[in-house]
Amino acid sequence: MRTPFIAGNWKMHKTLAEARELVAGIRNGLTNASGIDVLICPPVQLLFPIAKAVLGTKIMLGAQNAHEATHGAFTGEVSVPMLKDAGCTHVIIGHSERRLLFGERNDRLARKVRAVTGAGLTAVYCVGETLAEREAGKTQEVVRPQVDEVLGRDVQSERLVVAYEPVWAIGTGRTATPQQAQEVHGFIRSRLGSIYGPTGAANIRVLYGGSVKPDNAAGLLGQPDIDGALVGGACLVAADFLAIISAASEAFSRQ
Ligand code: PGA
């Protein structure tokens, strides 16, 4: 049984005061989230104070990116040991904005994933195709190397969460249908099976991301291979994030 997982990717949003308010809202509303893993990934300047704000709650803390080296002359970068020091247990790696806007490719992401898992943290590793790739019928052709070239048996499956995020659905309000998402999730799980074997693959959470909102969460989370959500825009409003967590709770209690 995979524990459902709802993660919020705050991207480059929130000052400290705004972040404290958002976390207080999430904390106070987390009453019916039993059996759900909840993660928030604020921007890096908020990690230390927000680690304090979530202390003693079930909210876990993650970062949105990390450098693959432990330390060194890399101006503007932050390493995994530093994120661990700040209280992070998770790091998002390979988000499409990192791939498309900052040129991160599979070979680099393979090193980043290993830096995260090797330090004992969990990588939330993102994959997904662009609209042009989907329309050209190349979704599997794109997702396959994103999985195969980055993951491997040397990446501990216990330290891995995968997120399928079709680029055309991110921040656009255009969500994959539950069937479209399930089809790719099933494909990802079969690729994971070729690396980790069927039992290993069955234990890895595969999240969906891309315009997940309170009103579409239940349909997506009701699919057999969708184990949770990576939420962008809707995680910036406590009531919306909580509504998605509740939808997950209901969807998974029915399964
Ligand atoms: P969105 O972002 O929910 O705003 O589409 C999701 C993500 O980029 O992780």
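The coordinates are above.
Structural notes, computed from the coordinates. (Residues numbered from 1 in each chain as written. Predicted model: local features only at pLDDT ≥ 70, side-chain atom pairs only at ≥ 80, totals over all residues. Heavy atoms only, no water.)

**Things to note about the packing of helix H1 (residues 16-29) against helix H10 (residues 238-254)**
Where H1 contacts H10, the two axes come as close as 9 Å, and the packing angle between them is 35 degrees. Relative to H10, H1 is oriented so that their crossing is right-handed. Here Leu22, Gly25, Ile26 and Gly29 of H1 lie close against H10, whose contacting residues are Ala238, Phe241 and Leu242. Within the contact of H1 with H10, the residues separate by chemical class into five nonpolar, two polar and no charged. (Axes fitted to C-alpha atoms, helices over the stretch in contact; angles between N-to-C directions. Helix = DSSP H or I, 4+ residues; strand = E, 2+ residues; numbered from the N terminus. Left-handed = near helix turned anticlockwise from the far one by under 90°. Contact = heavy atoms within 4.5 Å. Nonpolar A, V, L, I, M, F, W, Y, C, P; charged D, E, K, R; others polar.)

**Observations concerning the pattern of salt bridges**
Under the criterion given, the structure shown has 13 salt bridges. Overlapping salt bridges bring together Arg2, Arg189, Asp225 and Asp227 as one network. (Salt bridge = Lys/Arg side-chain N within 4 Å of Asp/Glu carboxyl O.)

**Re the nonpolar core**
Formed by 77 residues in total, the largest nonpolar core has its most connected members in Ile6, Ile40, Leu151 and Leu192. Element by element, the count of residues in this core is highest for H10, at nine residues. Sequence-distant contacts of Leu192, that is, excluding residues within four places in its chain, are made with Val147, Leu151, Val162, Gly197, Ala201, Ile204 and Val206. In terms of nonpolar packing, the next biggest core, distinct from the first, is built from 11 residues, Ala7, Val161, Ala163 and Leu230 among them. (Core = buried A, V, L, I, M, F, W, Y, C linked by side-chain atoms within 4.5 Å. Buried < 20%, exposed > 50% of the residue type's maximum accessible area, 1.4 Å probe, protein only.)

**With respect to the site of the ligand**
Inspection of the region around the ligand gives 13 residues, with Lys11, His95, Glu165, Gly171 and Ser211 positioned closest. The separation between an oxygen atom of the ligand and a polar main-chain atom of Gly232 is 2.8 Å. Contact between the ligand and Gly233: an oxygen atom at 2.8 Å from a main-chain N or O atom of the residue. Calculation on the ligand without its partners gives an accessible area of 280 Å², and the protein chains cover 97% of this total. Residue composition of the shell around the ligand, by class: four nonpolar, seven polar and two charged. (Near = heavy atom within 4 Å. Polar contact = N/O pair within 3.5 Å; in protein donor to acceptor, adjacent residues only side chain to side chain. Areas by Shrake-Rupley, 256 points an atom, 1.4 Å probe, with all protein chains shown as cover.)

**Side note on the pairing of strand E3 (residues 59-63)**
Burial of E3 is extensive: four of the five residues sit out of reach of the surface. Here strand E2 (residues 37-41) pairs with E3 via three bridges, running parallel. Note that in E3 the partner of Ile40 across the bridge is Leu61. The parallel pair E2 and E3 is bridged by helix H2 (residues 47-54), and the resulting crossover is right-handed. In terms of strand pairing, E3 meets strand E4 (residues 90-93) through two bridges, oriented parallel. (Pairing = 2+ DSSP bridges. Right-handed = clockwise from strand over helix to strand, strands pointing away.)

Read these as geometric descriptors, not functional statements.
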